[in-house]
Every structure is written in structure tokens, then in C-alpha cells.
Amino acid sequence: MRIVALESSGDACSLALWQDGTLVASWLEIAPRQHTQLLLPQLERLLTAAEWSLNQCDMIAFGAGPGGFTGIRIATAVAQGLAFSCNLPLLPVSTLQALGLQGYRLSGEANQLTAFDARMGELYWGGYCYSPTTVETIIEAAVTPAAVAELPVSGEWFGVGSGWQRDGVLLQQRLAARLRGVNASLHPEAAAVAALAAMRYQQQGDAVLQTPFTALPLYLRNKVVSVA
Amino acid sequence: MIILGIETSCDETGVALYHLEQGLLGHLLYSQTATHALYGGVVPELASRDHIQKLLPMVAELLQQQQIASSEISHVAYTAGPGLIGALLVGASVARALAFGWQIPAIAIHHMEGHLLAPMLERPAPSFPFVALLVSGGHTQLVAVKGVGDYQILGESLDDAAGEAFDKTAKLLGLGYPGGPALARIAANGDSSAFHFPRPMVDRPGLDFSFSGLKTFTMTSWRATNQDATSQANIARAFEDAVVDTITIKCKRALKETGYRQLVLAGGVSANRHLQQTLRAVADQEGFDLFYPRQEFCTDNAAMIAHAAAYRLGDALRHHCFEVHPRWPLSQLQPAKDLPKHN
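Note that the coordinates shown come from a computational prediction; the quantities given were computed from them, not determined experimentally.

**Some thoughts on the domain arrangement of chain B**
Often the size quoted for an interface is simply the accessible area lost on bringing the parts together.
All names here are of chain B.
Turning to step 1, where the next piece is worked out: Segmentation of chain B into domains returns domain 1 (2-116 + 297-332) and domain 2 (128-292).
Turning to step 2, where the next piece is worked out: Between the C-alpha centres of domain 1 and domain 2 the distance comes to 28 Å.
Turning to step 3, where the next piece is worked out: Taken residue by residue, the interface counts 18 residues in domain 1 and 21 residues in domain 2.
Turning to step 4, where the next piece is worked out: The largest contributions to the domain 1 side of the interface with domain 2 come from Met-112, Leu-116 and Cys-298, which together make up 39% of the buried area.

**Some words on the confidence of the model for chain B**
Turning to step 1, where the next piece is worked out: Per-residue pLDDT for chain B averages 95, and the proportion of residues at 70 or more is 98%.
Turning to step 2, where the next piece is worked out: Interface scoring of the predicted complex returns ipTM 0.97; its pTM is 0.96.

**Quick notes on the interface of chain B and chain A**
Turning to step 1, where the next piece is worked out: Listed as interface residues are 29 residues of chain B and, on the opposing side, 34 residues of chain A.
Turning to step 2, where the next piece is worked out: Around 2,700 Å² of area is buried between chain B and chain A when both sides are counted, 73% of it from carbon and sulfur atoms.
Turning to step 3, where the next piece is worked out: There are one salt bridge connecting chain B and chain A.
Turning to step 4, where the next piece is worked out: As a salt-bridge pair, B:Glu45 and A:Arg73 come within 2.9 Å of each other at their nearest N and O atoms.
Turning to step 5, where the next piece is worked out: Of all the elements in the fold, those that place two or more residues in the side of chain B that touches chain A are helix H2 (44-66) and helix H3 (85-102) of chain B.
Turning to step 6, where the next piece is worked out: Of the residues belonging to the side of chain B that touches chain A, the class tally is 19 nonpolar, six polar and four charged.

**Describing the sheet that holds strand E9 (residues 262-266) of chain B**
Residues and elements named next belong to chain B.
Turning to step 1, where the next piece is worked out: Read from one edge of the open sheet, five strands run E8-E7-E6-E9-E10, paired in mixed fashion. The open sheet has two edge strands, strand E8 (150-156) and strand E10 (289-291), and neither has a second partner. For this sheet, the mean angle separating the axes of adjacent strands, direction not counted, is 25 degrees.
Turning to step 2, where the next piece is worked out: Pairing of strand E6 (residues 130-135) with strand E7 (residues 140-147), which is carried by six bridges, proceeds in the antiparallel orientation. Counted as the bridge partner of Ala-132 is Val-143 from E7.

**A word on the sheet that holds strand E1 (residues 2-7) of chain A**
Hydrogen bonding along the main chain pairs the strands of a sheet, whether they run parallel or antiparallel.
Residues and elements named next belong to chain A.
Turning to step 1, where the next piece is worked out: An order of E3-E2-E1-E4-E5 is seen for the five strands of this open sheet, with the pairing classed as mixed. The outermost strands of the open sheet, each flanked by one partner alone, are strand E3 (22-30) and strand E5 (90-94). Averaged over neighbouring strand pairs, the angle between their axes works out to 15 degrees when direction is ignored.
Turning to step 2, where the next piece is worked out: One ladder, built from four bridges, connects E1 with strand E4 (residues 59-65); its direction is parallel. Bridge assignment links Val-4 to a residue of E4, and that residue is Ile-60.
Turning to step 3, where the next piece is worked out: This element, helix H2 (residues 69-86), spans E1, E4 and E5 of the sheet and lies at about 160 degrees to E4.
Turning to step 4, where the next piece is worked out: Packed on one face of the sheet, helix H5 (residues 190-204) meets E1, strand E2 (12-19), E3, E4 and E5 and runs near 135 degrees to E1.

**As for the side chain of B:Asp241**
Turning to step 1, where the next piece is worked out: Relative to the helices and strands, B:Asp241 is located in helix H8 (residues 229-258).
Turning to step 2, where the next piece is worked out: When near neighbours in sequence (up to four residues on either side) are disregarded, B:Asp241 contacts B:Ser192, B:Arg199 and B:His274.

**A word on the pattern of salt bridges**
Pairing is possible between side chains of opposite charge, provided their charged atoms come close.
All names here are of chain B.
Turning to step 1, where the next piece is worked out: On inspection of all chains with the given rule, the structure shows 18 salt bridges over all chains.
Turning to step 2, where the next piece is worked out: Its salt-bridge partner being Glu-45, residue Arg-49 comes within 2.7 Å of it at the nearest N-O pair. Highlighted residues: Arg-49 and Glu-45, both in helix H2, separated by four residues, approximately one helical turn.
Turning to step 3, where the next piece is worked out: Arg-49 gets classed as buried once you look at its relative accessible area, which sits at 9%.
Turning to step 4, where the next piece is worked out: Under the relative-accessibility criterion, Glu-45 is labelled buried at 15%.
Turning to step 5, where the next piece is worked out: Here Arg-237 and Asp-241 are joined by a salt bridge, their closest N and O atoms 3.1 Å apart. Residue Arg-237 and its partner Asp-241 are both found in helix H8; the two are separated by four residues, about one turn of the helix.
Turning to step 6, where the next piece is worked out: Connected through shared salt-bridge partners, Glu-113, Arg-312, Asp-315 and Lys-337 make up one network.

**A short note on empty space enclosed by the protein**
Turning to step 1, where the next piece is worked out: Considering all chains together, one arrives at one cavity of 30 Å³ or more under this definition.
Turning to step 2, where the next piece is worked out: Of the voids in this model, the largest cavity is the one considered here, and its volume is about 30 Å³.
Turning to step 3, where the next piece is worked out: Along its surface, the largest cavity is lined by A:Thr70, A:Arg73, A:Ile74, B:Gly86, B:Leu89, B:Val90 and B:Ser93.
Turning to step 4, where the next piece is worked out: Looking at the lining of the largest cavity, the elements that each hand over two or more residues are H2 of chain A together with H3 of chain B.
Turning to step 5, where the next piece is worked out: Looking at the lining of the largest cavity, the element that brings in the most residues is H3(B), giving four residues.
Turning to step 6, where the next piece is worked out: Split by residue class, the lining of the largest cavity holds three nonpolar, three polar and one charged.

**A short note on the domain arrangement of chain A**
Residues and elements named next belong to chain A.
Turning to step 1, where the next piece is worked out: When the domains of chain A are assigned, the result is domain 1 (2-94 + 188-208) and domain 2 (96-183).
Turning to step 2, where the next piece is worked out: Distance from the C-alpha centre of domain 1 to the C-alpha centre of domain 2: 23 Å.
Turning to step 3, where the next piece is worked out: Contacts between the two partners involve 14 residues from domain 1, matched on the other side by 15 residues from domain 2.
Turning to step 4, where the next piece is worked out: Where domain 1 abuts domain 2, roughly 1,200 Å² becomes buried across the two surfaces, and 67% of that area is made up of carbon and sulfur atoms.
Turning to step 5, where the next piece is worked out: Of all residues in domain 1, Pro-66, Ser-94 and Met-199 give up the largest surface area on contact with domain 2, accounting jointly for 40% of the area buried on that side.
Turning to step 6, where the next piece is worked out: Where domain 1 packs against domain 2, one counts four residue pairs in polar contact (both at pLDDT 80 or more).
Turning to step 7, where the next piece is worked out: Mapped onto the side of domain 1 that touches domain 2, the elements with two or more residues apiece are E5 and H5.
Turning to step 8, where the next piece is worked out: The element contributing the most residues to the side of domain 1 that touches domain 2 is H5, with seven residues.

**Quick word on H8(B)**
One full turn of an α-helix is made of 3.6 residues, so residues set three or four places apart face in the same direction.
Turning to step 1, where the next piece is worked out: In this model H8(B) runs 43 Å from its N-terminal to its C-terminal C-alpha over 30 residues, within 8% of the 44 Å that 1.5 Å per residue would give.
Turning to step 2, where the next piece is worked out: Count one or two residues on from H8(B) and you reach B:Gly259, which has phi positive near 80 degrees.

**Regarding the packing of helix H6 (residues 180-187) of chain B against H8(B)**
Residue and element names in this part refer to chain B.
Turning to step 1, where the next piece is worked out: Relative to each other, H6 and H8 sit at 105 degrees, their axes nearing to 8 Å. Between H6 and H8, the angle is such that the two are roughly perpendicular. Contacts between H6 and H8 pair Leu-183, Ala-184, Ile-186 and Ala-187 from the former with Gln-232, Ala-233, Ala-236, Arg-237, Phe-239 and Glu-240 from the latter.
Turning to step 2, where the next piece is worked out: Of the residues belonging to the contact of H6 with H8, the class tally is seven nonpolar, one polar and two charged.

Parameters at a glance
- Residues numbered from 1 in each chain as written.
- Chains lettered and ligands numbered in written order.
- Predicted model: local features only at pLDDT ≥ 70, side-chain atom pairs only at ≥ 80, totals over all residues.
- Heavy atoms only, no water.
- Domains from an automatic or database assignment.
- Contact = heavy atoms within 4.5 Å.
- Buried area = accessible area lost by both parts, 1.4 Å probe.
- pLDDT = per-residue confidence, 0-100.
- Salt bridge = Lys/Arg side-chain N within 4 Å of Asp/Glu carboxyl O.
- Helix = DSSP H or I, 4+ residues; strand = E, 2+ residues; numbered from the N terminus.
- Nonpolar A, V, L, I, M, F, W, Y, C, P; charged D, E, K, R; others polar.
- Pairing = 2+ DSSP bridges.
- Axes fitted to C-alpha atoms, helices over the stretch in contact; angles between N-to-C directions.
- Buried < 20%, exposed > 50% of the residue type's maximum accessible area, 1.4 Å probe, protein only.
- 1 Å grid on protein atoms, 1.4 Å probe; cavity = no way out; pocket = protein on both sides within 12 Å on 5 of 7 lines; lining within 4 Å.
- Points joined across faces, edges and corners; volume = space filled by probe spheres on them.
- Polar contact = N/O pair within 3.5 Å; in protein donor to acceptor, adjacent residues only side chain to side chain.
- Expected span 1.5 Å × (residues − 1).
- Parallel < 35°, antiparallel > 145°, perpendicular 65-115°, else oblique.

Right under this line is the structure:
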């Protein structure tokens, strides 16, 4: 099974080609506000180098959010357009869950608490438990201040993501001895988006697939304006 | 050759199919007005969120409605600016990804060029050169148009655009948002002799406009009344008369300065009946030709984007790097690279 994955929820922008459990090719660049200039040219380069054509792929996976609204919309809109043009299904992946997978792979810790800085004093926050072939959601993704972010009831946890940079001290206090370590410098990557897409498809089959009409960004923050 | 056009620069999602020989095949438009009315103006984040939900289903619906297979599409054209950055990015990203997947060229279109050429969707169509009056919520400009992309700005608003002035004045009169069209409706019942508003900048040479002073005049006049329906209609009428008169005087001046004999109206405010009727009368009297598109092509739409792209085939892009331009002066456009035969 061939998966094309894209991720552009933050300052980084990345792509991955994935086939039957193997990362065939990937690209990542830290390029704030340059996602539209890079995504498609880099995709063309990767596809050509791998001698893949988009038509022969089985699905498009993308980091649907949470993250910067503009970034997740670019990933979603590009994924929608690619999927529609080549008649492919889409698999939206949580950027928090993808980041947790990266944390799991680097640290070997199964339990990952993921946090991005959501600004306005809040975090995008989620908790996941990984095995080499599965992922389980323990804390549902939410936008929340660190002081009241839902904590897992038991177990030892590893912290990952930019949110730990800003609110690390407070979160560390709250978790105390249950925090096994932190990696605050990881960005979500398309390679992890592809791996998660494959994992979720393996676990749940066609039920996880969406059409270009139904695949939408995952904003979490829905109050973006107040009534005049 | 069939061009798919996409428009998402503000609060309307538009898609269109334009056939190079047969002309416009069809278009769809979804207006978000109801979404934004609650907030008294367009909320950019909500606009972007809405576009990404509506755009691709509308593309599919239009292809289905027109019985066009995606393999028949030769180009994807989209509005690259000016407009709201988030809204533009949705249309641009979908458009460029479609072009990538279909392996066809994309064409980035300037929204105001779309408006400016829209009267050429109609028959009889104006021919170059002409004077264009672009009047919308974001623009008020007089342009000497010598050809596609050969634009000389003769004058423009120094403050509020005409459409913006309509909406702000409507708000002062308690007509809600977007109040411009409502203001025009009640103005029709107003007595034009009840109030007299100044005609800004007509006593000065040149072709620039200024409409922001009319708001203050409206407020002062409105406060001096008992604020009943009659005063509301009378003030609306006085305001509209002032805008229409000012625009008319400047249009006459622009025609005289350029020596051109054709005036083209475009943009949302060009749908204003009083403006159309007044300029029609002046055109008959002074012997110039007046053109404006039908109502649905005055406001934002994708038909004008696909249509403008038909004149910009020489500028089609085969690379996949793209950007949008929230601020993009019309005068920065270059003449179209070639002008294919066109019906």
C-alpha cells in the first residue's frame, strides 16, 4: 500500500512517501510562511525520484491539526485537491498523535503526553499510548490552559512538543514523579503522519478513510470571534 | 479547452467552467453573508473555515451539472489576490493541487482584473481601449484600459471605497450588515430635496475620490431628525445622490481626459440601479457607450475569474510553487503574454 503524507501545521513543512511499512522518501524544512512555495514542488521532486505517480498511490494522509489555522488549512486544501484530482481516499491524522508517535520512537516510552503552544495562554493537549503496531487515545485532544489540562489517572508519562517549552514547569509540578522525561523540541512530521495512517488503516480499515468533501481541518479552538 | 475558475478572495465561494470557444458553461456561487451578518462584518477566520468546506463539493457539483469530465479541463484559474489572506490560500491551495494532480497548468488571476473584464462576458461587449470604473467594497478606481494587463490608474479613493461608504452609512442608519443594498432600496423611496449632501472633491481637478466625509455628514443629519422611516429614506437618498453624482462627474472627466468613448462599470457597487440609470442618461446625452455586466457578475463570482484566465493563457504556470497576494495593486499587472482568438 502506497501512502503520500503531508504536514504543515506549524513552522515546519514536511512530506513522506510510505509503502508497506517502509518510509520510501521524506523531506522536511523549517520554513515559516513558505509552505505554499515548497509543498507541491517538493512533492513533485519526491515522486519523480521514487518513480511514483500520484495515480498509483492508495491514499493521501495529512496532518489535519491541531496547529496553526492557516497551516492546517493549507495541508487540508492541498490534500483535498490531490485526492479529488486522482480519485484517492484521504486519511486525516491528528498532529498531536503523530508527534506522540515520534516521541515514542525516540524515547521508547509508550505513554506520551503531547502539547503544542496554542497561544492565548492555552495548549493543544492530548495523551496517547503506543505499541509498535497500535495507538490508543488516553486523553482526548483538547485546547486548554496547562493549569487545568486533563491528566492521565495512572501510569508514568513522557512529555513531547513545543507546549512543554512554555508550560513545562507547571506541567512538571502537576505530574511530579509520574513524568519520565520531556522532549520539547520535536515538530510533527509527515513521516509519522504516514506511519500513523498506515497503523490506523491496519487497525480499523476503510472506516478511517474520508473523501475530499468530508476531510476537514481539526481546529479544536472554535471560538474565534465574539458577537459585536 | 475548458478553464475551471475558482474564487475565494472574501466571503463568497465561487466556481465556474469557461469554454474557450463556447464561452461560459456554468458557474456556482455560495455567499457567506448570513455567517458574517451576526458580527457586523466579514470575520476572516470564519470565511476561511467556510471556504474549505464548500469549495471542492461545489467543483464536483458543477462538473456533474455541466456533464464535464475532469479530463476535459485544460487549466485551473484561481484568484491569487487581492483579498483576505486565509480565504485566498484555500482557493489557491485547492486550485494548485488540482492542477498538480491533473497535470495541467494553473493561472493566477488578479481579482480586480476579473471584475474589470467581466463586462466582456456580455454582448455587446466593450472593446479596448475604454475607461473602467471599478466600484466595490474594497475599491473605487478609474482605470484607462488599453488592453489586458495594460492598466493606467487615473484616480482612486483616498479613503473609504464606495461600497464601504454604503455599508458604513447603512450601519449609521441602523440598517444592519451588509447594509449597502438595503440602503439603496430605501433610498428609492426618499425625497431627494429633503437633504443635500456635499459632492466631495468635485471642485478639485483630478480623478480621485473621497467618501469618508459623507459618513460624518450622515451622522450629523441623522441626529438632527426624529429618526423615523421617512428621515431614514431621505438621508439614504441624499447620500446615494451624493455618491452617484460624484462618480458621474469623475467618469465624465475621465472620458474627456482620455478621449475614450466607452465607459465600463464593474464591481459590486456597479449593480446599483441608480448609478446605472444616471450613467445611462449621461451616456445618451454625451454620446458615449456604457457597459456593465448583469447583476450576478457585478458581485464577486468565479465566472469572471475563469473568463479573465482565457485572456491570460500565455501566463499559465507549469511550476508548482505558489503564493497569494492580499495587497496587490492593479497597476502592478503586466500586459497578457498573448491574446488568443476569443469569441
